[in-house]
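Structural features, examined
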Amino acid sequence: MTPSSIVKAYTLVSGRSMPGFGLGTWQSEPGIVGQAVKDAIALGYRHIDCAAIYGNEPEIGAAFSSVFTDTDVNREDLFITSKLWNSKHHPADVEPALQQTLSDLGLSYLDLYLIHWPVVLTDDGSYLPLEDVPISDTWKVMEECVDKGLVRDIGVSNFSVQKLKSLLETARIKPSVNQVERHPYLQNQELIDYCKKEGIRLTAYSPLGTSATKFANQEAKPILKDASINEIATKHGATPAQVLIQWALECDTVVIPKSTKLHRLKENLEAVTKFKLDADDVAKIKAIDEHTRYLDGEMWCGEGSPYTLENLWNEEHIIKTATDEL
Ligand code: A2P
């Protein structure tokens, strides 16, 4: 039995199944990403998370094409996600953006298409307030893309409880997924509870704390080096990355660690079967929550922007609670 056959799967709004473990491709460099995707699929990965803005969809598409030609893995065996970029929220731009992604990936449909951020940009990179291109208008076209069979499930990314609530007020098709940063330093129980109540599956991106990039919060400490995570890893003869992945799986979140290195692709997939966390481990991990983000959204809050960290994350109450407890 390959690990992929015992990866948990979740039923989405469409009634279709989503594997609880997949491969992230943000920052997977062109020239390398295609081989990484082929390696991952050969190892047993069946869920690949993409996005137009990652700039690597054509190479990933070429990798899919060679997998479908050269191996027994078919399109229907894979769960493939992509995301609508911030400059394509205008209703007239949504389907063309999806068609471009389908063409780049060489596919006739996506399993899941997400609104990447609750942030609107123009093509030249200027900001527009959300009120100018409301999410509800963008969502209507996302729904039409489901009707046309271009995508099976639709969802969002980087959405707060408040923004999900407002989307649900007008949505004809409920979002299947909210993909957000999540790891033990950002456990976000409120969002987890809300998504669970509404039947929205939460996908955890940057589950390993991502790598330091120009986008990442430079002050955040690397979670792979966390003392409690390392202690738990040693206890189980596992690696820190495997502890983080197993924790995400046990929280019933979908987890999409990124790597382009064969040995890490293997290590990360093996986390699925290697061990289970015990009550003591779970308590230790609960205690290291700091509510800190690596991808804190500062990049959307530049000069002249209508976006602030407050109106992006809608978490004043959580931040206040943390401060009050100091
Ligand atoms: P690389 O692609 O060179 O393997 P996240 O999924 O949280 O964004 O984290 C991705 C980062 O973590 C990348 O820098 C990736 O580097 C690195 N990474 C992926 N798997 C592992 C692992 N098993 N151990 C350590 N680092 C890892």
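As the structure is a computational prediction, the values presented were derived from the model and not from experiment. (Residues numbered from 1 in each chain as written. Predicted model: local features only at pLDDT ≥ 70, side-chain atom pairs only at ≥ 80, totals over all residues. Heavy atoms only, no water.)

Attention shifts here to the overall build of the protein chain. Counting its secondary structure elements, the protein chain contains twelve helices and twelve strands. Seen along its three principal axes, the alpha-carbon backbone of the protein chain occupies a region of about 60 × 55 × 35 Å. In the protein chain, buried positions account for 52% of the 326 residues. Only carbon and sulfur atoms are counted for the fraction: they give 52% of the accessible area of the protein chain, which is about 14,400 Å². Taken together, the 32 basic and 47 acidic charged side chains of the protein chain have centroids lying 5 Å from each other. (Helix = DSSP H or I, 4+ residues; strand = E, 2+ residues; numbered from the N terminus. Buried < 20%, exposed > 50% of the residue type's maximum accessible area, 1.4 Å probe, protein only. Areas by Shrake-Rupley, 256 points an atom, 1.4 Å probe, with all protein chains shown as cover. Lys, Arg positive; Asp, Glu negative; His and termini not counted. Charge placed at Lys NZ, Arg CZ, Asp CG, Glu CD.)

Here we come to the site of the ligand. By nearness alone, 16 residues border the ligand, and L208, S259, K261, R264 and N268 come closest of all. The separation between a nitrogen atom of the ligand and a polar side-chain atom of N268 is 2.8 Å. The fraction of the free accessible surface of the ligand (570 Å²) that becomes covered by protein chains is 86%. When residues in the shell around the ligand are grouped by element, the largest group, three residues, is from helix α9 (residues 262-274). (Near = heavy atom within 4 Å. Polar contact = N/O pair within 3.5 Å; in protein donor to acceptor, adjacent residues only side chain to side chain.)

In terms of burial, helix α8 (residues 240-250) is largely enclosed, as ten of its eleven residues are buried. Residues P240, A241, Q242, V243, L244, I245, Q246, W247, A248 and L249 constitute the buried set of α8. D252 lies just past α8 and shows a positive phi near 65°.

We now examine the nonpolar core. Counting residues in hydrophobic clusters, the biggest one holds 86 residues, and the most contacted among them are V37, F64, L110, Y113 and W117. Ranked by the residues each element gives to this core, the list is headed by α8, at seven residues. Apart from residues lying up to four places away in sequence, Y113 is in contact with S82, K83, L84, V94, A97, L98, M142, V151, D153, I154 and G155. Ranked by size, the runner-up nonpolar core spans eight residues in total, among them Y10, L112, V177 and V254. (Core = buried A, V, L, I, M, F, W, Y, C linked by side-chain atoms within 4.5 Å. Contact = heavy atoms within 4.5 Å.)

Burial analysis of strand β11 (residues 201-205) places four of its five residues in the buried class, which makes it a mostly covered element. Running through helix α6 (residues 189-198), the crossover from strand β10 (residues 177-181) to the neighbouring parallel element β11 is right-handed. In this structure, β11 lies alongside strand β12 (residues 254-255), joined through two bridges in parallel fashion. Considered in β12, the bridge of A204 is made with V255. (Right-handed = clockwise from strand over helix to strand, strands pointing away. Pairing = 2+ DSSP bridges.)

Here we come to the pattern of salt bridges. Applying the stated criterion across every chain yields a total of 16 salt bridges. The partner of E76 in a salt bridge is R152, with the nearest N and O atoms 3.4 Å apart. With E76 in the loop between α2 (57-70) and β5 (79-84) and R152 in strand β9 (residues 151-157), this pair connects stretches of sequence that are 76 residues apart. Residue classification places R152 among the partly exposed positions, given a relative accessible area of 23%. Note that E290 is salt-bridged to K221, the shortest N-O span being 3.0 Å. One end of the pair, E290, is in the loop between α10 (279-286) and α11 (309-313); the other, K221, is in the loop between β11 and α7 (227-236), and 69 residues separate them in sequence. Linked through salt bridges whose partners overlap, the residues forming this network are K174, K197 and E198. (Salt bridge = Lys/Arg side-chain N within 4 Å of Asp/Glu carboxyl O.)

Strand pairing in a sheet takes place through backbone hydrogen bonds and is either antiparallel or parallel in direction. Within the open sheet, the eight strands sit side by side as β3-β4-β5-β6-β9-β10-β11-β12. Their pairing is parallel. Looking along the sheet, the strands with just one partner apiece sit at the ends: β3 (23-24) and β12. Relative to β9, strand β6 (residues 110-115) runs parallel, the two sharing five bridges. Among the inter-strand pairings, L110 is bridged to a residue of β9, identified as V151.

A few words now on the packing of helix α1 (residues 33-43) against α2. Each pair of packed helices gets described by two things: the angle between the helix axes and the distance between those axes. Contact geometry for α1 and α2: axes closest at 8 Å, N-to-C directions at 40°. The angle between α1 and α2 falls in the class oblique. α1 and α2 meet at a crossing whose hand is right-handed. Across the interface between the two elements, V33, G34, V37, K38 and I41 from α1 touch E59, I60, A63, F64, S66 and V67 from α2. Across the contact of α1 with α2, the residue classes tally to seven nonpolar, two polar and two charged. (Axes fitted to C-alpha atoms, helices over the stretch in contact; angles between N-to-C directions. Parallel < 35°, antiparallel > 145°, perpendicular 65-115°, else oblique. Left-handed = near helix turned anticlockwise from the far one by under 90°. Nonpolar A, V, L, I, M, F, W, Y, C, P; charged D, E, K, R; others polar.)

Okay, the environment of S157 next. Tracing the backbone through its elements, the reader meets S157 in strand β9. Expressed as a C-alpha distance, the spacing of S157 and E181, which sit 24 residues apart in the sequence, is 9.1 Å. Residues contacting S157, with those up to four places away along its chain left out, are L114, I115, H116, W117, P118, N178, Q179 and Y205. A polar atom in the side chain of S157 sits 3.4 Å from the backbone oxygen of H116.

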